[in-house]
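One-letter residues, chain by chain:
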Amino acid sequence: MPPRRLTAINPLLHVLLGVCTFFLLISSWWMMALPLPSKVFTYRAYPFQLHKNVGMTMVVMLLVMLYGRLVYLRASRAAAVPRPRMPRSAFVQSVLLYGLTLACCLSGYLSSVYSGWATRLWWVVTLPNWGYDNDALNELYSTIHIWTTYALVGIMMIHIGTATYRVFRNDRTVRWMLRL
Amino acid sequence: MAEAVREGGAPTWAAALGVVAIVFGMLMAAAQGNELMAQSVIGPDTAAARNIPVDCRADEAEQEGVSLAECELMVANVRIMIASRPAWFRRFGQGLALLGTVAALGSIVIGLALTGSRPWAGDAAVLVFGALLVVDVAGFTAAFYTGPLLRALYLWNTLVWLFIHMCLVAGAVAYTREGRPACLQGV
């Protein structure tokens with residue numbers, strides 16, 4: 001059997017991604033109702049920076065999960081050990097869920113790059129500002145960001161609904177996926 | 001066919017309780033995290049409190065997809081918070097939101113433990129869900145002692161959370177009384 005440690009952290013990362021996604025949703029609705037930025041009205045500065053930082057951290061978490069999963073799959077193939085098979089619907093949901101999360105984060109970052117505002121990663125490292133102030137590109141990526149977000153909300157509803165249904169039916173899929 | 005009792009003596013519904021705790025734990029952590037940020041960002045001496053005139057430019061408002069009236073109301077929205085909260089409310093709200101975030105993250109871990117039929121999950125669930133209930137009651141009481149504008153903003157939300165956490169506590173108590181794994185029965 002491939003070592004469990006390869007994917008041991010994935011259930012925690014999975015729920016952390018959920019927390020981050022809900023936080024970004026709730027906080028973005030709240031911060032978009034804050035006064036438009038000016039020299040004196042700076043209410044949006046901190047929430048926007050935090051929004052970008054959490055989004056970029058989510059990408060790192062996604063990559064860690066993906067890496068663990070790929071190494072685990074390769075190890076299980078090499079050992080020729082049968083592993084629990086993920087239902088097809090769960091596989092499609094996972095691809096959509098993680099694909100949309102990635103699309104959401106990347107489009108948000110690209111929108112920021114073309115907004116002319118610099119990004120300081122967790123207020124420590126200033127990322128190289130390779131973009132420039134371009135309203136058209138900012139608008140384009142912003143629109144993609146919004147629509148991928150709402151698509152993600154839809155997929156999350158299906159994902160959570162399916163998981164709850166399965167656990168009420170007492171099949172072992174959810175237990176296997178969320179094992180600590 | 002679903003079994004009533006899983007291996008280890010834990011009832012099957014405990015896993016369902018676990019998943020429900022994870023979902024609401026994620027939402028609560030996000031909501032409380034946002035509240036913590038909101039109370040931190042909206043300071044008592046910031047621009048909105050000093051009645052600085054709003055500078056709403058038509059082109060900027062259009063770019064943001066808001067009307068000029070909405071642009072002005074965005075500042076009024078912040079003023080509502082600053083003008084309506086008593087002096088103690090901000091610090092209290094920050095502390096409570098921090099506690100709520102930590103307890104909500106704890107309830108996610110408890111949810112994972114319930115799903116995995118960990119023997120310690122029941123007692124820990126009563127403790128953590130109970131802590132969330134205490135946070136709700138404290139938040140409800142604090143909002144009750146503010147003015148009508150903040151009551152309208154907070155009371156209904158807090159009431160919903162209060163009932164959700166009460167249901168989770170009831171489930172956790174039932175689990176500790178009936179669903180204790182066989183190896184721990186009578187302990």
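Residues numbered from 1 in each chain as written. Chains lettered and ligands numbered in written order. Predicted model: local features only at pLDDT ≥ 70, side-chain atom pairs only at ≥ 80, totals over all residues.

Q: Can you lay out the overall build of chain B for me, pointing to particular residues and giving the numbers?
A: Helices and strands together make up the secondary structure of chain B, namely six helices and zero strands. Secondary structure elements in chain B, listed N-terminal to C-terminal, are α-α-α-α-α-α. Relative to its full complement of 187 residues, chain B shows a buried share of 39%. Here the analysis covers contacts within chain B between residues at least 6 apart in sequence; of these, 75% occur between residues at least 24 apart. (Helix = DSSP H or I, 4+ residues; strand = E, 2+ residues; numbered from the N terminus. Buried ≥ 20, exposed ≤ 12 C-beta atoms within 10 Å, placed from the backbone. Contact = placed C-beta atoms within 7 Å.)

Q: Residue-level account of the overall build of chain A, with values.
A: A tally of helices and strands in chain A yields five helices and two strands. Taken along its principal axes, the extent of the C-alpha atoms in chain A is 60 × 35 × 25 Å. Here chain A holds 180 residues, and 24% of them are scored as buried.

Q: Please give an account of the environment of M86 of chain A that cites residues and values.
A: Within the secondary structure, M86 of chain A sits in the loop between α2 (45-78) and α3 (88-113). Look at M86 of chain A and you get partly exposed, because 14 C-beta atoms sit within 10 Å.

Q: Talk me through the nonpolar core; I want residue IDs and the actual numbers.
A: Ranked by size, the top nonpolar core spans 53 residues in total, and within it V19, M26 and L114 of chain B carry the most contacts. Where this core is concerned, the elements lending two or more residues are α1 (10-31), α3 and α4 (135-168) of chain A together with α1 (13-41), α4 (89-115), α5 (121-144) and α6 (148-178) of chain B. The residues contacting L114 of chain B, other than those within four sequence positions of it, are A14, A15, L17, G18, A21, A121 and A125 of chain B. Counting 15 residues, the second-largest nonpolar core is a separate cluster that includes M37, A38, V41 and A48 of chain B. (Core = buried A, V, L, I, M, F, W, Y, C linked by C-beta atoms within 7 Å.)

Q: Which residues make up the environment of R118 of chain B, and what are the values?
A: Topologically, R118 of chain B is positioned in the loop between α4 and α5. Note: C-alpha distance between R118 of chain B and Q94 of chain B (24 residues apart in sequence) is 33 Å.

Q: Hey, could you go over the confidence of the model for chain A for me, with residue numbers and the actual values?
A: With 94% of its residues at a pLDDT of 70 or more, chain A shows a mean pLDDT of 87. Looking over chain A, one finds the lowest element-wise mean pLDDT in helix α5 (residues 173-177) of chain A, namely 72, and the highest in α1 of chain A, namely 93. (pLDDT = per-residue confidence, 0-100.)

Q: Which residues make up the interface of chain B and chain A, and what values do they have?
A: Counting residues at the interface gives 35 residues for chain B, matched by 32 residues for chain A. Looking at the side of chain B that touches chain A element by element, the count peaks at 15 residues for α1 of chain B. Along the lines of polarity and charge, the residues of the side of chain B that touches chain A split into 25 nonpolar, six polar and four charged. (Nonpolar A, V, L, I, M, F, W, Y, C, P; charged D, E, K, R; others polar.)

Q: I'd like a description of the packing of α1 of chain A against α2 of chain A, backed by residues and values.
A: How two helices sit against one another is set out by the angle between their axes and by the gap between those axes. All names here are of chain A. Where α1 contacts α2, the axes come no closer than 10 Å and their chain directions differ by 160°. What the angle tells us is that α1 and α2 run roughly antiparallel. Of the two elements, α1 crosses α2, and the hand of that crossing is left-handed. Here α1 contributes N10, L13, L16, L17, C20, F23, L24, S27, S28 and M31 to the contact with α2, which in turn contributes P47, F48, H51, V54, G55, M58, M61, V64, M65 and G68. Tallied by class, the residues present in the contact of α1 with α2 amount to 14 nonpolar, six polar and no charged. (Axes fitted to C-alpha atoms, helices over the stretch in contact; angles between N-to-C directions. Parallel < 35°, antiparallel > 145°, perpendicular 65-115°, else oblique. Left-handed = near helix turned anticlockwise from the far one by under 90°.)

Q: Could you give an account of the packing of α4 of chain A against α1 of chain B, naming the residues involved and the relevant values?
A: Their axes nearest at 8 Å, the elements α4 of chain A and α1 of chain B cross at an angle of 160°. Here α4 of chain A lies roughly antiparallel to α1 of chain B, going by the angle between them. As α4 of chain A runs across α1 of chain B, the sense of the crossing is left-handed. Along its contact with α4 of chain A, which presents I160, A163, T164, V167 and F168 of chain A, the element α1 of chain B presents A15, A16, V19 and V23 of chain B.

Q: Mind laying out unusual backbone geometry, listing which residues take part and the relevant values?
A: Non-glycine residue W122 of chain A carries a positive phi angle of around 50°. Tracing the sequence through the fold places W122 of chain A in the loop between β1 (120-121) and β2 (125-126). Using a count of 12 C-beta atoms within 10 Å as the deciding quantity, one classes W122 of chain A as exposed. You will see that S117 of chain B, though not glycine, has its phi angle at about 50°, which is positive. Its place among the elements puts S117 of chain B in the loop between α4 and α5. We classify S117 of chain B as buried; it has 20 C-beta atoms within 10 Å.

Q: Mind laying out the environment of T141 of chain B, listing which residues take part and the relevant values?
A: Note on placement: T141 of chain B falls in helix α5. In this structure the C-alpha to C-alpha distance between T141 of chain B and L127 of chain B, which are 14 residues apart in sequence, comes to 21 Å.

Q: Could you give an account of α2 of chain A, naming the residues involved and the relevant values?
A: Between its first and last C-alpha, α2 of chain A extends 50 Å over 34 residues, near the 50 Å set by a 1.5 Å rise per residue. Considered for burial, the residues of α2 of chain A that qualify are P47, F48, K52, G55, M58 and M65 of chain A. If you follow the buried residues of α2 of chain A, they end up packed against α1 and α3 of chain A together with α1 of chain B. Two residues or fewer past α2 of chain A, A80 of chain A is found with a positive phi of approximately 50°. (Expected span 1.5 Å × (residues − 1).)

Q: Pulling in residues and values, what's your account of the confidence of the model for chain B?
A: The pLDDT averaged across chain B works out to 89; a share of 90% of its residues lies at or above 70. In the predicted complex, the global pTM is 0.89; the interface-specific ipTM is 0.88.

Q: An account of helix α3 (residues 68-84) of chain B is requested, with residue identities and associated values reported.
A: Taking 1.5 Å per residue, 17 residues should reach 24 Å; α3 of chain B reaches 24 Å between its end C-alpha atoms and fits that length. Those residues of α3 of chain B that are buried lie in contact with α2 (58-64) of chain B.

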